[in-house]
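An overview of the molecular structure
In case you want the letters, here they are:
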Amino acid sequence: MSKRKSPYISRRHLLQGSAAIAGASAVGLSRGAMAQSKGKVVVGTWGGDYARLLNKNIEQPILIPAGWEVVQDQAGDPQRRSKMLAERRLPRGTTDVQGLSAVNMYQMDVAGVIDKIDYSKLKNAPNLLESMKYPYGVGHIYSGKVALYNSEVVKDAPKSYKDVFDAKHGNKLGIIDIQYQYTIVAAALAAGGSVDNVEPGKKLLLEMRKAGARIYPTNEAFAQGMKTGEIGVGIMWKARAVQWQKAGIPVVAVTPSEGAIAYVSGFVIPKNAPNKEGSYAYLDAMLEASAQENFAIDMGYNPTVTNAKVTPDLNKRIGFTPEDIKKLVNMDYKYMTENDVALKEWWDKEFKG
Amino acid sequence: MASEDGGSRLSAAALIGPATFIVALGLAIPMAILFRYSLNQFKPGLMMVDALTLENYVKFFSDSYYLTVFWTTVRVALSCTIICLLLGFPLAYKLARTQTRHKNLLIMLVVLPLFVGNAVRAAGWMTVFGIKGFLNTTLIWLGIIHEPLEIMFTETAVIIGIIAVNLPFMVLTLQSVIEGIDRAVEEAAFSLGAGPWEMFRRVLWPLALPGIIAGTILTFILGMNAYATPVLLGGPKFKMMAPLVFGQFQLNNWPFGAAVAFLLMLTTLCLTATANILMQRRYRR
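Reading guide: rules and limits
Residues numbered from 1 in each chain as written. Chains lettered and ligands numbered in written order. Predicted model: local features only at pLDDT ≥ 70, side-chain atom pairs only at ≥ 80, totals over all residues. Helix = DSSP H or I, 4+ residues; strand = E, 2+ residues; numbered from the N terminus. Buried ≥ 20, exposed ≤ 12 C-beta atoms within 10 Å, placed from the backbone. Contact = placed C-beta atoms within 7 Å. Axes fitted to C-alpha atoms, helices over the stretch in contact; angles between N-to-C directions. Parallel < 35°, antiparallel > 145°, perpendicular 65-115°, else oblique. Nonpolar A, V, L, I, M, F, W, Y, C, P; charged D, E, K, R; others polar. Core = buried A, V, L, I, M, F, W, Y, C linked by C-beta atoms within 7 Å. Domains from an automatic or database assignment. Left-handed = near helix turned anticlockwise from the far one by under 90°. Bend = angle between axes of the 7 residues up to and from the residue. pLDDT = per-residue confidence, 0-100. Arc of directions from axis to C-beta. Pairing = 2+ DSSP bridges.

Points about the overall build of chain A
Looking only at helices and strands, chain A features 14 helices and 11 strands. Looking at chain A residue by residue over its 353 residues, the buried ones come to 44%. The long-range fraction of contacts in chain A, counting pairs at least 24 apart against all pairs at least 6 apart in sequence, stands at 75%.

Right, here's the structure in full:
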């Protein structure tokens, strides 16, 4: 009963052969497609609006049409910083760029987990403000810590941090817990201290606490307090004030006479980023004028490139005058990194306690 | 017979062995790493420096602030567990003994709050407890109070929030155990002259003890490790251990964060094991 081999091609063989040819063509096609695809960029970012706007203003209009596949790794910055530190010994990390505040960019640089930026690889670098060219990161957007007040609750408009941190406001002064670094520095500026001498600010804050200042856990809770009239004065990013005004919260923003403390949000490249080419493509795309203009419109933060056009009306709401820009106060990142734990312990134990 | 027993034991071990091994490994390795980190030193900028020091534990036990956080956590977890047991037992009993055809619907109603995440639920409580929230507005409208009550950002708000999260766990655990207790046992106690309290104390409670232990352990562990509720309802001045751990990692202080996390885990383990042993001993008759 041995099987006799047929000299003819059976239907099954024909089908198998066709499948093989189709498969080979598919492999060929996918190789062709691969040649067009530039690969994957993994972006570490905060979730919420910021992540949505990165997708809307950078990824969808610029990177994806250029052939990049973009994946967002959304988490708070403490989790993402922990991840970067945990991955430091791995030859290949899991993210290509990470969004961090300027203080945290500095901390990650000191920790030795991020690359120095090669600005020659960014075609948009010539447009980038010099103050936003960090050796270890690229500034994406910025705003400033301004005085906020609700004119129905507080009659005299504050003109400075000193006017905000005034015991006369009693329990109408609101302070945001998660903004402890900037609050301590703002109080220091109000009390005659500086970004690296915050002791006068601590003393002033304790006086405010004694006078009845309310502490809110989050930015949103502070906004809610402003809305209900529970508080009428405080400090916050101008960009947030713009968002709250849009949401119908009756707050007015005033640039403090001491100079607004700058908040910069930027991106860094982990040393073990798997796709460095993708990292630079992302940084370049985020500096495109169109992306920066849309971020100003959607989120109220100022562009970090000189060629982004912001309408005068929008600039009036989100921007700063040339004098205010000159007076912007940068945090002392080194001081803050070295003293962060001590400041937080003081904040928790003595100020809030 | 002996070889058959041996064979079945061997096959049982082969069946549960791989899963147990993976779980043990998944638990033991992270715990070992956590413990090792807790012996390291924190240096600003460098984050964590390899060392073998107990300074993080000394810092915790020598600072009244951290000890207050620790005792607050134990107090809140215990209060929530006791209240959940007091509220949950009657509800579980009623659910277990009810004969209605809507029983499944009633169980679903108990489970329903679990369909919403803790943070969302806490946000809901915020709208109830706020100065101009539902509760204050209603009480003022009814003329019961004239000044709004300060409930938000208090321990009371946190306890209410955690109870709302943990109660379904307690009810479901108790209900499944009470359902397994024959109704005839209770009727026998009544027919022998026991009153409702006597029947509960001498019949129902001892028989339901496995469920009570499981339910209390579950709610106590959840209470000890609560994060979203204390952060959102407790506010900035109220601290429990889980937010404290997260706060340390936010500051990149891994060694101290690891020490606090390890102490939290150890305390939870010790307290639940002790309670388990004591209760089992008390009712082993």
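A word on the overall build of chain B
When you go through chain B residue by residue, the secondary structure sums to 12 helices and 2 strands. Each helix and strand of chain B, placed in order from N terminus to C terminus, yields the pattern α-β-β-α-α-α-α-α-α-α-α-α-α-α. Dimensions along the principal axes, computed over C-alpha positions, put chain B at roughly 75 × 70 × 30 Å. Expressed as a percentage of the 285 residues in chain B, the buried residues total 30%. Counting only contacts in chain B whose residues sit at least 6 apart along the sequence, the fraction spanning at least 24 positions is 72%.

A short note on the packing of helix α6 (residues 180-190) of chain A against helix α7 (residues 199-211) of chain A
All names here are of chain A. Interhelical geometry of α6 versus α7 gives an angle of 100° and a closest axis separation of 7 Å. Classified by the angle between their axes, α6 and α7 sit roughly perpendicular to one another. Facing Ile184, Val185, Ala187, Ala188 and Ala190 of α6, the residues of α7 in contact are Pro200, Gly201, Lys202, Leu204 and Leu205. Looking at the contact of α6 with α7 residue by residue, the class counts come to 8 nonpolar, 1 polar and 1 charged.

Here's the deal with the nonpolar core
As a rule of thumb, soluble globular proteins bury nonpolar side chains together. Among the nonpolar cores identified, the biggest contains 97 residues, and Leu148, Val185, Ala186, Ala187, Tyr282 and Leu283 of chain A are the most heavily contacted of them. At 9 residues, α6 of chain A tops the list of elements feeding residues into this core. Split by domain, the residues of this core number at least three in each of domain 1 (39-142 + 263-324) and domain 2 (143-262 + 332-351) of chain A. Once you skip the residues sitting within four places of it in the chain, Leu283 of chain A turns out to touch Val97, Leu122, Val138 and Phe267 of chain A. Ala77, Ile163, Val171 and Ile212 of chain B belong to the second-largest nonpolar core, a separate cluster that totals 52 residues.

Structural notes on the packing of helix α7 (residues 155-179) of chain B against helix α9 (residues 196-224) of chain B
All names here are of chain B. The interhelical angle for the contact between α7 and α9, taken along N-to-C directions, is 160°, at an axis separation of 8 Å. As summarised for this structure, α7 and α9 are arranged roughly antiparallel, according to the angle between their axes. The two elements α7 and α9 meet at a crossing, and its hand is right-handed. Where α7 abuts α9, its residues Ile162, Val165, Asn166, Phe169, Met170, Thr173, Leu174, Ser176, Val177 and Ile178 lie against Ala208, Pro210, Gly211, Ile212, Ala214, Gly215, Leu218, Thr219, Leu222 and Gly223. Residues that form the contact of α7 with α9 fall into these classes: 13 nonpolar, 7 polar and no charged.

Description of the interface of chain A and chain B
Residue-level contacts link 22 residues of chain A with 15 residues of chain B. Broken down by secondary-structure element, the contributors of at least two residues to the side of chain A that touches chain B are α3 (77-86), α4 (102-110), β7 (214-216) and α14 (333-351) of chain A. Ranked by residues supplied to the side of chain A that touches chain B, first place goes to α14 of chain A with 7 residues. Classifying every residue of the side of chain A that touches chain B by side-chain character gives 8 nonpolar, 5 polar and 9 charged.

Structural notes on helix α2 (residues 48-63) of chain A
Residues and elements named next belong to chain A. At Asn55, α2 shows its largest kink, close to 35°. Within the sequence span of α2, burial applies to Leu53, Leu54, Asn57, Ile58, Glu59 and Leu63. Those residues of α2 hidden inside the fold are in contact with β1 (39-45), β2 (68-74), α10 (276-286) and α11 (289-299).

So, the environment of Met240 of chain B
Residue and element names in this part refer to chain B. With respect to the helices and strands, Met240 occurs in the loop between α10 (228-234) and α11 (241-250). Taking C-alpha positions, Met240 is 16 Å from Ala119, a pair spaced 121 residues apart along the chain. Non-local contacts of Met240, meaning those with residues more than four positions away in its chain, are made with Val69, Thr72, Thr73, Val76, Ala226 and Pro230.

Here's the deal with the domain arrangement of chain A
Residues and elements named next belong to chain A. As assigned here, chain A comprises domain 1 (39-142 + 263-324) and domain 2 (143-262 + 332-351). Computed over C-alpha atoms, the centres of domain 1 and domain 2 are 27 Å apart. At the interface, 16 residues of domain 1 touch 14 residues of domain 2. At the level of elements, α4, β10 (261-268) and α12 (312-318) are the ones that each hand at least two residues to the side of domain 1 that touches domain 2. Of the residues forming the side of domain 1 that touches domain 2, the biggest block, 5 residues, is contributed by α4. Class assignment of the residues belonging to the side of domain 1 that touches domain 2 gives a composition of 11 nonpolar, 3 polar and 2 charged.

A word on the confidence of the model for chain A
Chain-level statistics for chain A give a pLDDT mean of 89 and a share of 90% at 70 or above. Low pLDDT, under 50, characterises residues 1-9 of chain A; the stretch is placed with 1 contact to residues that sit more than four places away or in other chains.

Section: unusual backbone geometry
Phi is mostly negative for residues that are not glycine, and the peptide bonds are mostly trans. Residue and element names in this part refer to chain B. Phi is positive for Phe153, which is not a glycine, with a value near 60°. The class of Phe153 is buried, set by 23 C-beta atoms lying within 10 Å. Phi at Asn252 takes a positive value of approximately 65°, unusual for a residue other than glycine. Turning to its location among the elements, Asn252 is positioned in the loop between α11 and α12 (254-282).

As for the confidence of the model for chain B
Chain-level statistics for chain B give a pLDDT mean of 90 and a share of 96% at 70 or above. Complex prediction metrics read pTM 0.79 and ipTM 0.75.

Description of α11 of chain A
All names here are of chain A. Among the residues of α11, those classed as buried are Ala291, Gln292, Phe295, Ala296 and Met299. Down the axis of α11, the sector holding all buried residues measures 140°, keeping them to one side. Lining the buried residues of α11 we find α2, β5 (137-149), α9 (238-246), α10, β11 (302-303) and α12.

Looking at the pairing of strand β8 (residues 233-237) of chain A
Residue and element names in this part refer to chain A. Here β8 lies mainly inside the structure; 5 of its 5 residues are buried. Relative to β8, β5 is paired through 5 bridges, and the arrangement is antiparallel. By the bridge assignment, Tyr149 is partnered in β8 with Val233.

Here's the deal with the environment of Asp115 of chain A
All names here are of chain A. When you line up the elements, Asp115 lands in the loop between α4 and β4 (133-134). Overall, the presence of 16 C-beta atoms within 10 Å leaves Asp115 in the partly exposed class. When the C-alpha positions of Asp115 and Val268 are compared, they lie 7.4 Å apart, and in sequence the two are 153 residues distant. Ignoring sequence-local partners within four residues, the contact set of Asp115 consists of Ile269 and Lys271.

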